[in-house]
Amino acid sequence: MANMAQAIRLALHYSEKNLQLKDVFGQDAGAPLGGVFTATQGLKTSWNTPLDERGIISMAMGIAMAGDRCVAEIQFCDYIFNTIDLLKIAGNTLWCTNGQYQLPMTVMTPVGAGIRGSVYHSHSFDSWASRIQGWKVVMPSTPLDAYGLLLSAIKDPNPVLFLKPKALMRVRGDELIPGEPADEKELKARIDAPIGDRSKWKPEWPGVQDYWIEIGKGKITRHGEQITLVSWGRHLLLANEIADELKQHDGISVEVIDLRSIYPYDWEMIKSSVAKTGRLLIVNEDTEVTNFGEHLIYRVVQELFYELLARPRLIAGKNVPGIGLHPNLEDATVPQKSEIKSAILEIIREVP
Amino acid sequence: MSYSKSMSAKSDGKKKGLVKIANKKQVQTKSKDTAKSDSLAQIPDKTLIQILDLMIKSRVLEERLIKIYRAGESYFWIGGPGEEAWGVPIGMLARKGEGPKYDFLHLHYRCTPTLIAMGMDMKDSIRLMMNRVTDPSTGGRNFSNHYCFPKMNIAPVTSPIEVQYGIALGTAHAQKRLGDNAISIVTGGDAGTAEGDFASCLIWASRKGNELPMLITVQNNYWGISTSYEGQHGESAIADRARGFNIRARVVNGNDPVESYIALKEEMDYIRRTGKPSFIESKVSRLYGHSSASGANFVGNEEDCIKSFSEKLISRKLVTEKDIKRMWETYEAEALKATEDARAEGVPAAESIWDHVYANNENSDWRKF
Ligand SMILES: Cc1ncc(C[n+]2csc(CCOP(=O)(O)OP(=O)(O)O)c2C)c(N)n1
Ligand SMILES: [Mg+2]
């Protein structure tokens, strides 16, 4: 099974061949490294840029304006903040020009904690991104979803932000990408660059096929009756684990929704699930004040108030300036399994 | 900036053009010619008259926009009166069309002269000024002079200073890939060169082996709103910064349309021929202050390029005072008529805020997801 870095690579390769993807660029995105997480290794169109995030986003905007498809990478989302006004412009160009200039560009960037990355390799960007109008924002939790969402992102006529949970880059899924060799070792031998001299290395790409995940569509990863647990990215995998454990040990039935798209988001899926369970917990690791989950809860309260059996809750990153390096600090800042589990139990016990 | 300062800017421009150019030999002879006062001889009479005509047309339009503001028929004016001698030649020389086969223009809010020279209808500028629904650039959404015409590769003018310098890299990159010798032209003010995007532009345009076909320009009017150029710059000329990246660079007197025209043509030819970037700093006047926020009054102590060029062409007997008067009157009548027409046109509807949030109007309102 491909890990997420390999899945992204395969999607970019597919897009070079089939979606007129012309440029994949960013800091260390080209040879020899192919990106700090190797997600752009071995590609035909990848190249190294100057160490200049604003230049990277501007370049992508211009390429898109000229009508070509590109994927630009910001090495860590911790370093995307000095481009926010450019992201604003990319998102408002269609609107400001009254529909005249589309900017079909994809920006991808690793997000979140979970690798002991300390203050500047642990930031999240999903809630920030939800405030940049005109962008679609996606965040996969499995390699297959990463593949399918990236294809959709590249094909989309709008700017799309593709958030890569960095702690999941080496995690394998349990579904094959269409055309992916079933043997993990074979895939590795064919598309992972060798250690050492790579100057003569070329990947032997498997014939991967198209696989589309519509942007704006979530996925129910665990069916359940008593509570709806909405998450995305790294915490989605945690949510699945928790649902399985609660089912096995406590006989509690949790419905887990992988939102996958932050914006536009799958309201119908959330709505019908919460209408059924009457209980909602949202989990993500961006900071908790004006967190995107608050918007979802606002909407749940507005549209499903009389169907709720308990107060909806959000567990998100603590509202502190950074994520400290020592595990005590990181674990106290980022939502942990135990606190999610106990919140579920509390919500389930709550009586209207 | 005083009149004498603008004159010294002119001689400075000549000097810089002669001295510090990467490709010294070839340009030296050319700049020597361009610096001479008889440089008029290098441009056909018909073209000279056309330049003056377009400069006047652009000025009349800008003055009309200011009147529309004064009459309370618009909320804000910003524009380019005083920068015609520089802007008109850009519009005349650009390869006009849509897509990367043609030149892209990444302009700022002082580029009406360029648009007029490219054939923009006055009425379309007035529609933008009066935020009519018929405004082809923004549909009544943005300020005056924030043009956007994809048919002529006029990239959207945006308010955040200097961002166009980065975006232009991308269109130049796509043009280079295509290999049709089209170029990306970027303009902006002097104060804005302090932004990081200006440095980004120089860095990305000049990477060895990956040079981009770009004409990078700065319209130095010596002002950033109320802040004078003096006191904000340590470099001798803004163009020196480009030289640091081995980008061929020169300074021109942007109040002289002939010097501007010749320099622009030379640099555009060079970029098309070599695929490499070139830089021009153009010294210009700012005749009505920064914007309507500072009153948009005629300043009187800076060189008026239309006045000086008119005198030049009269003394050359290429036009008479009467010809020039007729140009002004014709365009004034056209601008007035266009204003009356635009006034009668519709305005954007409230519910149209949801249009074009995304392509094909999908997903615009989250309440409807
Ligand atoms: C990023 C940004 N900062 C500040 C402003 C406000 N502002 C508008 S014009 C201007 C001065 C620009 O001066 P200059 O670049 O010399 O251009 P000029 O207006 O003189 O043509 C400023 C500070 C802005 N529009 N964008
Ligand atoms: Mg200025």
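Now for a look at the structure at hand. (Residues numbered from 1 in each chain as written. Chains lettered and ligands numbered in written order. Predicted model: local features only at pLDDT ≥ 70, side-chain atom pairs only at ≥ 80, totals over all residues. Heavy atoms only, no water.)

1. Things to note about the overall build of chain A
Applicable threshold: Numbering of helices and strands runs from the N terminus, with a helix taken as a DSSP run of H or I at least four residues long and a strand as a DSSP run of E at least two residues long. Partly exposed describes any residue whose relative accessible area lies between the buried limit of under 20% and the exposed limit of over 50%, with all areas from a 1.4 Å probe on protein chains only and scaled to the type maximum.
Within chain A, the secondary structure is distributed over 11 helices and 12 strands. Each principal axis of the C-alpha atoms in chain A carries an extent, and together these give about 65 × 50 × 40 Å. The burial tally for chain A puts 61% of its 352 residues in the buried class.

2. Observations regarding the overall build of chain B
Condition: Whether two residues are in contact is decided by their heavy atoms: any pair within 4.5 Å suffices. Computed with a 1.4 Å probe, the accessible areas rest on the Shrake-Rupley method; for each residue, only the protein chains presented here act as cover.
Counting secondary structure elements, chain B contains 12 helices and seven strands. A separation threshold of at least 6 residues defines the contact pool for chain B, and within that pool the share at least 24 residues apart is 76%. Total accessible area on chain B is roughly 14,300 Å²; 52% of this is exposed by carbon and sulfur atoms.

3. So, the packing of aromatic side chains
For clarity, the threshold we go by: Each Phe, Tyr or Trp ring (for Trp, its six-membered ring) is paired with any other whose centre lies within 6.5 Å, and the angle between the two planes then decides the class: stacked below 30 degrees, edge-to-face above 60, tilted in between. For a Lys NZ or an Arg CZ to count as sitting over a ring, it must be within 6 Å of the ring centre and within 35 degrees of the ring normal.
On inspection of all chains with the given rule, the structure shows 19 aromatic pairs over all chains. Aromatic side chains Trp47 of chain A and Trp204 of chain B sit 6.3 Å apart centroid to centroid with 75° between the ring planes, which places their arrangement in the edge-to-face category. Taken together, the residues Trp47 of chain A in strand β2 (residues 46-48) and Trp204 of chain B in helix α8 (residues 196-205) connect one chain to another. Across the pair, Trp204 of chain B and Trp47 of chain A agree in class, each one buried. Taken together, the ring pairs in this structure connect Trp232, Tyr263, Tyr265 and Phe292 of chain A together with Phe369 of chain B into an aromatic cluster. One residue, Lys155 of chain A, lies across the ring of Trp212 of chain A, its end atom 5.1 Å from the ring centre. If you follow Arg141 of chain B out to its NZ or CZ, it ends over the ring of Trp95 of chain A, 3.9 Å from the centre.

4. Examining the site of ligand 1
All names here are of chain B. Counted only if it meets this: One heavy atom suffices: a residue is near a molecule or strand as soon as one of its heavy atoms comes within 4 Å of it. Here a polar contact means two N or O atoms within 3.5 Å. Within protein one must be a hydrogen donor candidate and the other an acceptor candidate, and residues neighboring in sequence count only if both atoms are side-chain atoms. Polar here means any residue other than Ala, Val, Leu, Ile, Met, Phe, Trp, Tyr, Cys and Pro, which are nonpolar, and Asp, Glu, Lys and Arg, which are charged; Gly is therefore polar.
Looking at ligand 1, there are 15 residues lining it, with Tyr109, Arg110, Ala191, Gly192 and Trp223 nearest. In the model, an oxygen atom of ligand 1 is placed 2.7 Å from a nitrogen or oxygen of the Arg110 side chain. Relative to its unbound accessible surface of 580 Å², ligand 1 loses 72% to contact with the protein. A per-class count over the shell around ligand 1 returns six nonpolar, six polar and three charged.

5. Remarks on the sheet that holds strand β9 (residues 254-258) of chain A
Sheet strands pair via backbone hydrogen bonds, and the direction of the pair is either parallel or antiparallel. All names here are of chain A. Where we set the bar: At least two bridges found by DSSP between two strands is the condition for calling them paired. Orientation is described by lines fitted to C-alpha atoms, with helices fitted over the stretch in contact, and by angles between N-to-C directions that extend from 0 to 180 degrees.
Strands sit in the order β7-β9-β8-β11-β12 across an open sheet of five strands; the sheet is mixed. The sheet is open, and its two borders are formed by β7 (219-222) and β12 (313-317), each paired with just one other strand. Across the sheet, the mean angle from the axis of one strand to that of its neighbour is 25°, orientation sign disregarded. Lying over the sheet, helix α7 (residues 234-250) contacts β7, β8 (227-231), β9 and β11 (280-287), oriented at roughly 165° with respect to β9.

6. A short note on the side chain of Asn220 of chain B
Here Asn220 of chain B lies in strand β3 (residues 214-220). Those residues in contact with Asn220 of chain B, other than ones at most four positions away along the chain, are Asp190, Tyr229, Ile238, Glu281, Ser282, Lys283 and Val284 of chain B.

7. Brief notes about the coordination of the magnesium ion (ligand 2)
For a metal with four tetrahedral donors the ideal donor-metal-donor angle is 109.5 degrees, while six octahedral donors give ideal angles of 90 or 180 degrees. All names here are of chain B. Put simply, the rule is: With water omitted from the atoms examined, metal sites may look incomplete; donors here are N, O and S atoms no farther than 2.8 Å from the metal, or 3.2 Å in the case of Na, K and Ca.
Protein coordination of the magnesium ion (ligand 2) is provided by Asp190 (OD), Asn221 (OD1) and Trp223 (O), with donor distances spanning 1.9 to 2.1 Å. Here the donor residues of the magnesium ion (ligand 2) are spaced in sequence according to D-x30-N-x1-W. Taken together, the residues span a long stretch of sequence, with Asp190 in the loop between β2 (184-186) and α8 and Trp223 in strand β4 (residues 223-224) at a distance of 33 residues.

8. Some points on the sheet that holds β3 of chain B
Residue and element names in this part refer to chain B. Taken in spatial order, the five strands make up an open sheet running β1-β2-β3-β7-β6, and their pairing is parallel. If you trace the sheet from one side to the other, it starts and ends with β1 (104-106) and β6 (248-253), each paired once. Going across the sheet, the axis of each strand differs from the next one's by a mean of 15°, ignoring polarity. Note that β2 and β3 share three bridges and pair parallel. Paired with Ile185 across the strands is Leu215, a residue of β3.

9. What to know about the pattern of salt bridges
Our working rule: Put simply, a salt bridge is a Lys or Arg side-chain nitrogen that is within 4 Å of an Asp or Glu carboxyl oxygen.
Per the stated rule, a full pass over the model turns up 47 salt bridges over all chains. A salt bridge links Glu186 of chain A to Arg190 of chain A, with the shortest nitrogen-to-oxygen separation between them at 2.9 Å. Here the residue Glu186 of chain A and the residue Arg190 of chain A both occupy positions in helix α6 (residues 184-191), the gap between them amounting to four residues, near one helical turn. On the basis of relative accessibility, which here comes to 34%, the residue Glu186 of chain A falls in the partly exposed class. A salt bridge links Glu245 of chain A to Lys337 of chain A; the shortest N-O distance between them is 2.8 Å. You can see Glu245 of chain A sitting in helix α7 and its partner Lys337 of chain A sitting in helix α11 (residues 337-349), a full 92 residues away along the chain. Sharing partners across several salt bridges, the network here consists of Lys22, Asp23 and Asp68 of chain A together with Arg177 of chain B.

10. Points about the side chain of Thr93 of chain A
Within the secondary structure, Thr93 of chain A is located in helix α3 (residues 84-96). Ignoring sequence-local partners within four residues, the contact set of Thr93 of chain A consists of Tyr101 and Leu103 of chain A together with Pro156 of chain B.

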